Amino acid sequence: MNHIDNLTKLISIIEQNPLIYRYLKNCPYQILNCWSIIIFKKGEKIICQGEKCNDFYLIDSGLVDVNVMSENGKCYSHAIYKEGNYLGELEIFDQIEYCCNAIAITEVCVLQISRTDFLRWIDLDKDIQNVLLQNVCSKFYTLSTKAAVDYFYSLKYRLCEFLLQCIKQHKYMDSQHCLMIHTNELSSYLAVTNRSINRIIVELREKGIIETKNSCIRVINVKLLEEELSKTKK
């Protein structure tokens, strides 16, 4: 993609995606020219834990698993990012190593900018400073809430609550209430083994709350899911 085509496509993304528009609406022209548009296939790594941070990424579309891998190979998922989220903000100022991996769950389109141009952008566009600060606070609030839920509640409660929030917030699910996250990715997100989560999935399926196909979950009875969540919390 040549420079003109890249800028034309970038402007189209900004115009069509309100979440991206919020970040780039006041981005100076000389900085707009520095953004690249990159497509990652499902399963590809966008950033790698331990590598030095040289870039900042804005997610235009798709789902991304942000996780940490231990030395013995255990994986813990901090969060699942979607359009409007970004990667690299924690490490980019001091150019330190990425603390997490970011792996495409679906095909993902990201906007990428180098650290040098990111710092120029922050210096030139004062509005973006407030936007990034608000989002960083929101991100830490979400992570803190998730950590508390992971510690205090059972796996069944956490899975039911996650599915219900996906429905209510219209995220990670299609219009048929089919989760776009496979069960192996869910086990990482909920910090449990595949065997543990499969046991809960079988129970929910037998109760007529969900159905499964090709490692995907579809909620078929929202009312029963709400009742199961209420019973599990007691």
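Use the structure listed above.
Residues numbered from 1 in each chain as written. Predicted model: local features only at pLDDT ≥ 70, side-chain atom pairs only at ≥ 80, totals over all residues. Heavy atoms only, no water.

## Concerning the overall build of the protein chain
As a reminder of what qualifies: What counts as a helix is a DSSP run of H or I of at least four residues, what counts as a strand is a run of E of at least two, and both are numbered from the N terminus. Only C-alpha atoms enter the radius of gyration; for comparison, a globular chain is expected to reach 2.2 Å times N to the power 0.38, where N is the number of residues. Relative accessibility under 20% of the residue-type maximum defines a buried residue, over 50% an exposed one, and the middle range a partly exposed one, all with a 1.4 Å probe and only protein chains included. The contact criterion used is simple: two residues touch if any of their non-hydrogen atoms lie within 4.5 Å. Computed with a 1.4 Å probe, the accessible areas rest on the Shrake-Rupley method; for each residue, only the protein chains presented here act as cover. Charge counting treats Lys and Arg as positive and Asp and Glu as negative, with His and both chain ends excluded. By convention, the point assigned to a charge is CZ for Arg, NZ for Lys, CD for Glu and CG for Asp.
On a plain count of helices and strands, the protein chain comes out with 9 helices and 10 strands. Scaling as 2.2 N^0.38, a compact globule of 234 residues should have a C-alpha radius of gyration of about 17 Å, and the protein chain matches this with 19 Å. Taking the principal axes of the C-alpha coordinates as reference, the protein chain spans close to 55 × 40 × 30 Å. Relative to its full complement of 234 residues, the protein chain shows a buried share of 44%. Taking the intrachain contacts of the protein chain between residues at least 6 apart in sequence as the baseline, contacts between residues at least 24 apart amount to 71%. In the structure as shown, the protein chain presents an accessible area of about 12,700 Å², 51% of it carried by carbon and sulfur atoms. Distance between charge centroids for the protein chain: 8 Å, based on 28 positive and 28 negative side chains.

## Focus on the nonpolar core
Nonpolar side chains in soluble globular proteins tend to be buried together. Convention followed: What we call a nonpolar core is a set of buried Ala, Val, Leu, Ile, Met, Phe, Trp, Tyr and Cys residues that are connected through their side-chain atoms within 4.5 Å.
Ranked by internal contacts, the top residues of the largest apolar core, which has 42 residues, are Leu24, Trp35, Ile46 and Phe56. The element contributing the most residues to this core is strand β8 (residues 108–114), with 5 residues. Counting residues in each nonpolar core, the second largest holds 29 residues, with Cys160, Cys166, Leu186 and Leu229 among its members.

## Some points on the sheet that holds strand β3 (residues 55–61)
Spelled out, the test is: Any two strands with at least two DSSP-identified bridges between them are counted as paired. Note on geometry: axes are C-alpha line fits, over the in-contact stretch for helices, and angles between N-to-C directions span 0 to 180 degrees.
Ordered in space as β1-β8-β3-β6, the 4 strands form an open sheet in which the pairing is antiparallel. In the strand order of this sheet, the two ends are held by β1 (36–40) and β6 (86–87), each with one partner. Strand direction decides the pairing type here: β3 and β8, joined by 6 bridges, are antiparallel. Residue pairing across strands places Asp55 opposite Ser114, the latter belonging to β8. In this fold helix α4 (residues 115–124) packs onto β3 and β8, with an angle of close to 80 degrees to the strand it touches most, β8.

## Examining a nonpolar patch on the surface
The test is simple: Patch definition: residues above 30% relative accessible area lacking any salt bridge, with like charges linked at up to 9 Å and the nonpolar side chains Val, Leu, Ile, Met, Phe, Trp and Tyr linked at up to 5 Å. In the sections that follow, a salt bridge refers to a side-chain nitrogen of Lys or Arg positioned within 4 Å of a carboxyl oxygen of Asp or Glu.
Together, Tyr151, Phe152 and Tyr153 line one region of the surface with nonpolar side chains, adding up to about 410 Å² of accessible area. On the basis of relative accessibility, which here comes to 61%, the residue Phe152 falls in the exposed class.

## Some words on the packing of α4 against helix α5 (residues 126–152)
So the rule is basically this: Note that the term roughly parallel is reserved for angles under 35 degrees, roughly antiparallel for angles over 145, roughly perpendicular for angles of 65 to 115, and oblique for everything else. Think of it as three bins: nonpolar holds Ala, Val, Leu, Ile, Met, Phe, Trp, Tyr, Cys and Pro, charged holds Asp, Glu, Lys and Arg, and polar takes everything else, Gly as well.
Put simply, α4 and α5 touch, their axes get as near as 5 Å, and they point 105 degrees apart. In terms of their interaxial angle, α4 and α5 are classed as roughly perpendicular. From α4, Phe118, Trp121, Ile122, Asp123 and Leu124 reach across to α5, where they touch Lys126, Ile128, Gln129 and Leu132. Of the residues in the contact of α4 with α5, the class split is 6 nonpolar, 1 polar and 2 charged.

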